[in-house]
Amino acid sequence: MEPFYRQVDEHRFDSMPGTAGPWSAAAQHAGPPAALLARAMERHEPAPGTRLADVRLDILGPIPVAPLDLDVRVLRGGRSMQLLEATASVDGRAAAVARAWRIVRAPEDFPSLTGRRPATIDPVPEAKGEGRLEMPGAHEDGYLSAIEWRVVEGGVGAGGTTVAWGRQLVPLLDGEEPTGWQRALVLADSGGGITLTVDPRRHTYINCDLHVVLDRDPTGEWIRMSSQALATPGHGGTVHTTLADHEGDLGTGLQTMVAQDARS
């Protein structure tokens, strides 16, 4: 498959068909644009000895499968922490805005704080079938074909809790190895997908944002997601995800879900 994007110039990126989400061939899954915006912030006025600590993506509407124009600015400067903002626009209209804290790395001899994290992590299971996420009525030729999944427990239609390993099968950009942050963001927005339980013909359960915090940069191509979908009638919903790699837990993802009856 083609990469998710092709770079046209310093600020413009063509969106390839693989970015298309499960519900429309014309609208992007939020994972690839989240990673593309993170890439822009990682590369903006790079500061040695620093790393992204969190990325918050606000989705301002359906993100078309169309050329994206990226702009990055520093909202708060400093030697130990910086707040960056990156905007993806289509035809002059902002489609998504991401903010990230870029902080100085902790010293190598800083005390290790592990909280309640498990001491070990389950390995990536053996492949079963094609590894494609099966979603009823979904567009399968975009993002769903660009990601391989290995489900440990749960899954689509299994009650709203899922543990699964995933990896992207195509690069973000041709000839470029994704960073750990980029790999995590390509997958993290799928928390609402791998836990999908409501019937999309009757109810919609779609996120308007994605917030990922990592205390350690991921290594390797596989990302483990332990996700749970929550909804309270008369109020709203969220999806909570614990992210890990082969070394163990490394951070958290959170999505705010808009829970509605499907339009007839």
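This text gives an overview of the structure that appears in the document. Note that the structure is a prediction, hence the values are computed from the model and not measured.

Conventions adopted
- Along each chain, the written sequence defines residue order, and numbers are assigned to residues from 1.
- Under the rules for a predicted model, residues below a pLDDT of 70 receive no local features and side-chain atom pairs below 80 are neither given nor counted, while totals for whole chains, interfaces and linings still include all residues.
- For the side-chain quantities, the full set of heavy atoms in the structure was used; hydrogens and water were omitted.
- Note on ring pairs: Phe, Tyr and Trp rings are taken, using the six-membered ring of Trp, and paired if centres are within 6.5 Å. Classes follow the plane angle, with under 30 degrees stacked, over 60 edge-to-face and the rest tilted.
- In this text, helices come from DSSP runs of H or I with a minimum length of four residues, and strands from runs of E with a minimum of two, each type numbered from the N-terminal end.
- Only protein chains enter the accessibility calculation, which uses a 1.4 Å probe. A residue is then buried if its area is under 20% of the maximum for its type, exposed if over 50%, and partly exposed in between.
- Here a helix's expected span is defined as the number of its residues, less one, multiplied by 1.5 Å.
- Side-chain atoms within 4.5 Å link the members of a nonpolar core, which is a set of buried Ala, Val, Leu, Ile, Met, Phe, Trp, Tyr and Cys residues.
- Here a residue-residue contact requires only that any non-hydrogen atoms of the pair lie within 4.5 Å.
- Asp and Glu count as negative and Lys and Arg as positive, but His and the ends of the chain are not part of the count.
- The term salt bridge refers to a side-chain nitrogen of Lys or Arg lying within 4 Å of a carboxyl oxygen of Asp or Glu.

This structure, assessed with the given rule, holds one aromatic pair. Ring centres of Phe4 and Tyr143 lie 6.5 Å apart, and the angle between their planes is 25°; this geometry places the pair in the stacked category. Of the two residues, Phe4 sits in the segment before β1 (5-7) while Tyr143 sits in helix α2 (residues 143-146), which places them 139 residues apart along the sequence. An identical accessibility class is assigned to Phe4 and Tyr143; each is buried.

Now for helix α1 (residues 31-43). The end-to-end C-alpha distance of α1 is 19 Å, a good match for the 18 Å that 13 residues give at a rise of 1.5 Å each. Judged by how many residues are buried, α1 sits mostly within the fold: eleven of 13 residues are covered. Residues Gly31, Pro32, Pro33, Ala34, Ala35, Leu36, Leu37, Ala38, Arg39, Ala40 and Met41 constitute the buried set of α1. Just downstream of α1, Glu45 is the residue with a positive phi angle, here 45°.

Despite not being glycine, Glu45 has its phi angle at roughly 45°, a positive value. Residue placement: Glu45 occurs in the loop between α1 and β3 (50-59).

Attention now moves to the nonpolar core. Looking at soluble globular proteins, one finds that nonpolar side chains tend to be buried together. Formed by 55 residues in total, the largest nonpolar core has its most connected members in Phe4, Val55, Leu57 and Leu185. For this core, the element with the most residues is α1, which contributes seven residues. Leu185 has contacts with Gly31, Ala34, Ala35, Ala38, Val55, Leu210 and Val212, leaving out every residue within four places of it along the chain.

A word on the environment of Tyr143. For Tyr143, a relative accessible area of 1% translates into the label buried. Considering only alpha carbons, one finds Tyr143 and Pro118, 25 residues apart in sequence, at a separation of 31 Å. If sequence neighbours within four positions are ignored, Tyr143 has contacts with Phe4, Gly18, Ala20, His29, Pro32, Val186, Leu187 and Ser190.

Moving on, we come to the side chain of Asp249. Its place among the elements puts Asp249 in strand β13 (residues 248-261). Of the side chains with opposite charge, Arg224 comes closest to the buried, unpaired Asp249, at an N-O distance of 4.6 Å. With near-sequence residues (within four places) excluded, Asp249 lies in contact with Arg117, Pro118, Ile121, Arg216, Thr242, Leu243 and Ala244.

For Leu173, the position within the fold is in the loop between β8 (161-168) and α3 (180-188). In this structure Leu173 comes out as buried when scored by relative accessible area, which is 3%. Excluding residues within four positions of it along the chain, Leu173 makes contact with Pro3, Tyr5, Arg6, Gln7, Phe13 and Arg39.

What follows covers the pattern of salt bridges. Once their charged atoms are close, side chains differing in charge can pair, the charge on each being opposite to the other. Under the counting rule described, the total for this entry stands at 20 salt bridges. When the shortest N-O distance is used, the salt bridge between Asp199 and Arg201 registers 3.0 Å. With relative accessibility at 70%, the residue Arg201 sits in the exposed group. Residues joined in a network through salt bridges with shared partners are Glu148, Arg150, Arg167 and Glu221.

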